[in-house]
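For reference, the chains in residue letters:
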Amino acid sequence: MENREEMKRKSGAGEMPGESAGSSADAGYQQRVLEFAMRAGRLLLENGAEIFRVEETIQRICRHYGVRSASTFVLSNGIFIMAGSEDEPYYSAVRHLPSWVNRLDKVTAVNQLSREIEEKHYPLETAKKRLEEIEGMPERPKAVRILVAGMACACFCFIFGGSPGDMLSDFFTGLLVYAFILTVCGGLSKITANVLSGALIAICCLIFYHSGIGENLRPLIMGTILLLVPGLPFTNGIRDLADGDYISGAVRLLDAVLVFMSVGAGAGAVFLAYHHLFGGVLL
């Protein structure tokens, strides 16, 4: 039978698939496990996952690879991990996430990986390679994303009672606005980007309305404005509040409210200027 040191050496090298069955790992191995767990948690959080999902994934990974003393504290833009006890070396790490993106395909992939680690007993190095593959998952081509945005706006317009002309107008408005978001708004602050996007939506809808293609201004505006509505942060904020993560939930809800206000300010400024120039009731 191999002695304990030999088992630990193999476990740290990724040669034993069942690291969780052994006793506490050495300091180097524990640090690699915690860094891998932090990396997985960061990938989840920055792509729109809920707080409880991030914490659960980190704890699941740590338990499987034998780090029993790990403790996590997750906020909407940061992760804190600490470990250490009489049997395990002390370790702490903090990661700050300045911004979020919505890549739910990555969230699903990391979530599935954490379960496969337990079910298939992946060695640590194998799990790292799988996580690197998830990190490198390419985005959809910009042309496809712009086309889908236009189709989504047309569908929203139909839901709100728009005519075929309104749907056609919203389709082209969605194409233009999302192309603007992808090409121009990347270097701007979130508030500025949303104000400008809201203003562009209002301008496009007014142009299509007065050109005769669009027939009803209300479904025109409602169909395209939903393109900018932060549904995922708003929903996650409510879920975080329901789970008792009041700080993260409040931050995400505040972020969503700021987006609402920014988009409304941009669109409202255009309509107010139009009203003063040409008069009449718009909506």
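Note on numbering: residues in each chain are counted from 1, in written sequence order. The predicted nature of this model means local features are confined to residues of pLDDT at least 70 and side-chain atom pairs, given and counted, to a pLDDT of 80 or more, with totals for whole chains, interfaces and linings taken over all residues. As a convention, hydrogens and water are excluded, and side-chain values are obtained from all of the structure's heavy atoms.

## Let's talk about the overall build of the protein
Argument step 1. Secondary structure elements follow DSSP: runs of H or I no shorter than four residues count as helices, runs of E no shorter than two count as strands, and numbering proceeds from the N terminus. Along the backbone of the protein there are 11 helices and 3 strands.
Argument step 2. Reading the protein from its N end, one meets helices and strands in the order α-α-α-β-β-β-α-α-α-α-α-α-α-α.
Argument step 3. Categorising residues by exposure relies on relative accessible area from a 1.4 Å probe, with only protein chains included: less than 20% of the type maximum marks a residue as buried, more than 50% marks it as exposed, and the intermediate range marks it as partly exposed. For the protein, the residues scored as buried account for 44% of the 283 residues in total.
Argument step 4. Put simply, 66% of the contacts in the protein that link residues at least 6 apart link residues at least 24 apart.
Argument step 5. A total of about 14400 Å² of accessible surface is found on the protein, and carbon and sulfur atoms cover 63% of it. Contacts are assigned to residue pairs that have any heavy atoms within 4.5 Å of one another. What sets the accessible areas is the Shrake-Rupley method with a 1.4 Å probe; for residues, cover comes only from the shown protein chains.

## Quick word on the packing of aromatic side chains
Argument step 1. Side-chain rings of Phe, Tyr and Trp (the six-membered ring for Trp) are treated as a pair once their centres are within 6.5 Å; stacked means planes under 30 degrees apart, edge-to-face means over 60, and tilted covers the remaining angles. Tallying each qualifying case throughout the model produces 4 aromatic pairs.
Argument step 2. Taking 6.5 Å as the distance between ring centres and 80 degrees as the angle between the ring planes, the aromatic pair formed by F36 and Y65 counts as edge-to-face. Of this pair, F36 sits in helix α2 (residues 27–46) while Y65 is found in the loop between α3 (51–64) and β1 (71–75), placing the two residues 29 residues apart along the sequence.
Argument step 3. Since its relative accessible area comes to 3%, F36 is described here as buried.
Argument step 4. With relative accessibility at 1%, the residue Y65 sits in the buried group.

## Here's the deal with the packing of helix α7 (residues 164–183) against helix α8 (residues 190–211)
Argument step 1. With their axes 10 Å apart at the nearest point, α7 and α8 run at an angle of 155 degrees to one another. As far as their axial angle goes, α8 and α7 are roughly antiparallel. Our pair here, α7 against α8, has a crossing hand that is right-handed. Where α7 abuts α8, its residues S169, D170, F172, T173, L176, V177, F180 and I181 lie against L196, S197, L200, I201, C204, C205 and F208.
Argument step 2. Here the nonpolar group is Ala, Val, Leu, Ile, Met, Phe, Trp, Tyr, Cys and Pro; Asp, Glu, Lys and Arg are the charged ones; every other residue, Gly included, is treated as polar. Split into classes, the residues belonging to the contact of α7 with α8 amount to 11 nonpolar, 3 polar and 1 charged. Here an axis means a line fitted to C-alpha atoms, over the contact stretch when the element is a helix, while the angle between two N-to-C directions is reported on a 0 to 180 degree scale. Working definition: roughly parallel below 35 degrees, roughly antiparallel above 145 degrees, roughly perpendicular at 65 to 115 degrees, and oblique for all remaining angles. We call a crossing left-handed when the near helix sits turned anticlockwise from the far one by less than a right angle, and right-handed when that turn is clockwise.

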